[in-house]
Protein chains: 2
Amino acid sequence: MQDILFDFISKYITLTEDEKNAILSVDIFRSVKKGTVLLKEGQSSKDSYFVLKGCIRTYYDLDGEEKTTGFYTEMEALTPPCVISKTPSEYYISCVEDTILTVSNSDMEEEVNAKFPRFETMCKILSEQLLAKERINFDEFKTSSPEQRYLNLLEKRPDLIQRVPQYQLASYLGMKPESLSRIRARITEKNKG
Amino acid sequence: MQDILFDFISKYITLTEDEKNAILSVDIFRSVKKGTVLLKEGQSSKDSYFVLKGCIRTYYDLDGEEKTTGFYTEMEALTPPCVISKTPSEYYISCVEDTILTVSNSDMEEEVNAKFPRFETMCKILSEQLLAKERINFDEFKTSSPEQRYLNLLEKRPDLIQRVPQYQLASYLGMKPESLSRIRARITEKNKG
DNA sequence: ACAACTTGTTCACTTAAGTTAAGAAATGAA
DNA sequence: TTCATTTCTTAACTTAAGTGAACAAGTTGT
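Just so you know, these numbers come straight off a predicted model, no measurement behind them.

Undergrad: Looking at this structure, I do not really get the domain arrangement of chain A. What am I missing?
TA: Buried accessible area, meaning the area lost when the parts come together, often serves as the stated size of an interface. Residues and elements named next belong to chain A. With domains assigned, chain A is organised as domain 1 (1-122) and domain 2 (129-193). A C-alpha centroid distance of 25 Å is found between domain 1 and domain 2. Approximately 1100 Å² of surface area, both sides summed, lies buried where domain 1 meets domain 2, with 46% of it carried by carbon and sulfur atoms. Summed over the three residues of domain 1 that lose the most area to domain 2, namely T68, F71 and E97, the buried surface amounts to 42% of that side. Summed over the shared surface of domain 1 and domain 2, the result is 4 salt bridges. With its nearest N and O atoms 2.9 Å apart, the salt bridge here joins E65 to K176. Of all the secondary-structure elements, those providing two or more residues to the side of domain 1 that touches domain 2 are strand 4 (55-62) and strand 5 (65-73).

This is the structure in structure tokens:
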């Protein structure tokens, strides 16, 4: 199970056995049931997550309405903004599926950094890459129509469309469930004719 | 002029005189005229920018149409995705105003890192913060209507509305210039009635 | 097996954004 | 200053998404 974590890290730096042990000595592997809420709105937290298996989702509650803004699946890491800003969380995180993940905080990170400083270099590279990727995603979102965004998701993360309820996908794509339903109908219609 | 740079850095770490000199010895300050194109689509580049004074903008050319996706003003840093991915750039960067900025690349960064390792820590923290901020921006964009997005920009970055042409703002807000014009008319109408 | 709840689809209707085109206003260059 | 270009606004029309409601299908718990 921890192999997934080391596979991930090996994309950035090569770990020695000692370094692997340094990580294992602090990392907490956790198994959470579908529907479990990991973080609530208004809650303060220092925890970052790394998904080994399953899917977690971030969503806001705007006047009683759920607005889903992110999905994190295998090999994806999430440090909620509230951890960075040190303010209460503005959103919820919950598990879309039964999920296995690691939970860590900055103290643990420092502990690992102390044992091998290359870890910090890796974290820097990782967050630079995530930032670049996030900006490209945002750019694509801004420059395309709801229909194009759905088609784009279909291409980039087809798994999500299978494993996540439509109403969550809809707000993730910036539209209402009814619109998504219509778009899907329109597309299958096109493919027929 | 370089005070702006040191003011910025001082938000993250306190610099000694030696460290300031280490930065000045590699950093390139550059003055660019309004309209200058810093990066072209298809071009490969290793340069990161930090705006000291002025405004630069990122935009795509999609079938001859300009799609603006970002503005970077005083105290804002931009490392184009092509620098991270090491592939040709998918977008253009140009100057909205006469601009003073620093241009640096990863070699220079390493040079500074070698002289004081705390610089790397700062870069890590910075990009983690930028990532958190970018995600919140994206979330806000996804969960709001074009009109709300305009109002949000009016609140968060009122300067942009003054210093940037409307048609660039429009695509930055994910809409057509005509729509932005209508939205503005609708809002001033509301404020009257 | 049944009721209760969740999820997805459909429909009729409303609202807002996209499109096309024309003209006004601002900007810049000669 | 004048002319040309760029930028912004307006209007009529088209298209697509939002809204509210009803219903069907699927799931969960008892």
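Undergrad: Looking at this model, I keep getting lost on helix 1 (residues 2-10) of chain A. Mind explaining?
TA: Residues lying three or four places apart along an α-helix face the same way, a consequence of the helix completing one turn every 3.6 residues. Residue and element names in this part refer to chain A. Among the residues making up helix 1, those that are buried are L5, F6, F8 and I9. For helix 1, the arc enclosing every buried residue in end-on projection is 155°, short of the 170-degree limit, so these residues lie on one face. On its buried face, helix 1 is in contact with helix 2 (17-26), strand 1 (28-32), strand 3 (48-53), strand 8 (99-104) and helix 5 (118-142).

Undergrad: What should I look at first to understand helix 2 of chain A in this one?
TA: Residue and element names in this part refer to chain A. Among the residues of helix 2, those classed as buried are E19, A22, I23 and V26. The buried side chains of helix 2 occupy one side of the element, clustering within an arc of 95° when seen end-on. The inward-facing, buried residues of helix 2 contact helix 1, strand 1, helix 4 (106-115) and helix 5.

Definitions and cut-offs
Residues numbered from 1 in each chain as written. Chains lettered and ligands numbered in written order. Predicted model: local features only at pLDDT ≥ 70, side-chain atom pairs only at ≥ 80, totals over all residues. Heavy atoms only, no water. Domains from an automatic or database assignment. Buried area = accessible area lost by both parts, 1.4 Å probe. Salt bridge = Lys/Arg side-chain N within 4 Å of Asp/Glu carboxyl O. Helix = DSSP H or I, 4+ residues; strand = E, 2+ residues; numbered from the N terminus. Buried < 20%, exposed > 50% of the residue type's maximum accessible area, 1.4 Å probe, protein only. Arc of directions from axis to C-beta. Contact = heavy atoms within 4.5 Å.

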